[in-house]
Amino acid sequence: MPKPHEIPDGQAFRDAWAKLDKDARRRVRRAINRGQSVETRKEARVAVAMARSQLRFWRWGWMVGPIVVFALTLAQGIEVAVFNTAIVTVVVAGMALFFRRRAQRAEARNLEVVERKRKRRA
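Scoring rules and cut-offs
Residues numbered from 1 in each chain as written. Predicted model: local features only at pLDDT ≥ 70, side-chain atom pairs only at ≥ 80, totals over all residues. Heavy atoms only, no water. Helix = DSSP H or I, 4+ residues; strand = E, 2+ residues; numbered from the N terminus. Rg over C-alpha atoms; globule rule 2.2 N^0.38 Å. Core = buried A, V, L, I, M, F, W, Y, C linked by side-chain atoms within 4.5 Å. Buried < 20%, exposed > 50% of the residue type's maximum accessible area, 1.4 Å probe, protein only. Contact = heavy atoms within 4.5 Å. Phe/Tyr/Trp six-rings, centres within 6.5 Å; stacked < 30°, edge-to-face > 60°. Expected span 1.5 Å × (residues − 1). Arc of directions from axis to C-beta. Patch = residues over 30% accessible without salt bridge, like charges linked within 9 Å, V, L, I, M, F, W, Y side chains within 5 Å. Areas by Shrake-Rupley, 256 points an atom, 1.4 Å probe, with all protein chains shown as cover. Salt bridge = Lys/Arg side-chain N within 4 Å of Asp/Glu carboxyl O. Axes fitted to C-alpha atoms, helices over the stretch in contact; angles between N-to-C directions. Parallel < 35°, antiparallel > 145°, perpendicular 65-115°, else oblique. Left-handed = near helix turned anticlockwise from the far one by under 90°. Nonpolar A, V, L, I, M, F, W, Y, C, P; charged D, E, K, R; others polar.

Undergrad: For this particular structure, what's the right way to read the overall build of the protein chain?
TA: A tally of helices and strands in the protein chain yields five helices and zero strands. In the protein chain, the succession of α and β elements from N to C terminus is α-α-α-α-α. A compact globule built from 122 residues would reach a C-alpha radius of gyration of about 14 Å, whereas the protein chain, at 19 Å, exceeds it by more than 25%. In terms of overall dimensions, the protein chain has C-alpha extents of about 65 × 25 × 20 Å along its principal axes.

Take a look at the structure:
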């Protein structure tokens, strides 16, 4: 079991996520998607872990869309496949950049919540 000030990862994150009620999960997801922080330290620890997960996903996950589009449109001709892939690449890469920046902002803000609460105890 992680110490209260540690950020959970792997199974510890899944356990911490499972312990949150439905409303807390919603608050954490919304905070990450909006690049904001949550109020409580317990939720902030989970939010940092989720933001880091989002960062890992968007680092390479944006490539899935263009690869799938290329494979599906290749039967229509190479020109069509390249054109569609280029459009999807621009759109999905833009989305990845947008959500990655929000996840970075959420991670930083929730780390501040975790640290601020820990400094108050000391």
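Next comes the rest of the description.
Undergrad: Sorry, what's going on with the nonpolar core here?
TA: In summary, soluble globular proteins display a tendency toward joint burial of nonpolar side chains. The biggest cluster of nonpolar side chains holds 18 residues, and the ones touching the most others in it are Trp17, Val28, Ile32 and Val46. When contributions to this core are tallied by element, the ones reaching two or more residues are α1 (11–19), α2 (22–34), α3 (41–60) and α5 (78–121). With six residues, the top contributor of residues to this core is α3. Setting aside anything within four residues of it in sequence, one finds Ile32 in contact with Ala47, Met50, Ala51, Gln54, Arg102, Ala103, Ala106 and Asn110.

Undergrad: What is the right way to look at the packing of aromatic side chains in this model?
TA: Here the distance between the centres and the angle between the planes together describe a pair of aromatic rings. Counted by the stated rule, this structure contains four aromatic pairs. Taking 4.9 Å as the distance between ring centres and 75 degrees as the angle between the ring planes, the aromatic pair formed by Phe57 and Trp58 counts as edge-to-face.

Undergrad: Looking at this structure, I do not really get α2. What am I missing?
TA: Residues that lie three or four places apart on an α-helix share one face, since the helix turns once every 3.6 residues. The end-to-end C-alpha distance of α2, which contains 13 residues, comes to 18 Å, matching closely the 18 Å that a straight helix rising 1.5 Å per residue would cover. Those residues of α2 that sit buried are Ala24, Val28, Ala31 and Ile32. Along the axis of α2, the buried positions cluster into a sector of 95 degrees, meaning they face one direction only. Phi turns positive one or two residues past the end of α2, at Gly35, with a value near 75 degrees.

Undergrad: What is the right way to read a nonpolar patch on the surface from this model?
TA: A contiguous nonpolar surface patch, about 320 Å² in accessible area, is contributed by Phe70, Leu74, Ile78 and Val82. Examined against the element boundaries, Phe70 turns out to sit in helix α4 (residues 64–73).

Undergrad: It is not clear to me how the packing of α1 against α3 should be interpreted in this structure. Could you clarify?
TA: A packed helix pair is summarised by two numbers, namely the angle formed by the two axes and the spacing between the axes. Orientation of α1 relative to α3, taken along the N-to-C sense of each, is 130 degrees, at an axis distance of 10 Å. When the axis of α1 is compared with that of α3, the two are oblique. At the point where α1 passes α3, the crossing takes the left-handed sense. Mapping the contact onto sequence places Phe13, Ala16 and Trp17 in α1 and Val46, Ala49 and Met50 in α3. The class makeup of the residues in the contact of α1 with α3 is six nonpolar, no polar and no charged.

Undergrad: Explain the pattern of salt bridges here, please?
TA: Oppositely charged side chains can form a pair if their charged atoms are brought close together. Taken as a whole and assessed by the stated rule, the structure comprises three salt bridges. Of the charged contacts in the structure, one is a salt bridge between Glu43 and Arg27, with a shortest N-O distance of 2.6 Å. Here Arg27 lies in helix α2 and Glu43 lies in helix α3, a separation of 16 residues in the sequence. Here Glu43 falls in the buried class, since its relative accessible area comes to 6%. Of the residues examined, Arg27 reaches a relative accessible area of 42% and is grouped as partly exposed.

Such coordinate-based values are descriptive only and should not be taken to indicate function.
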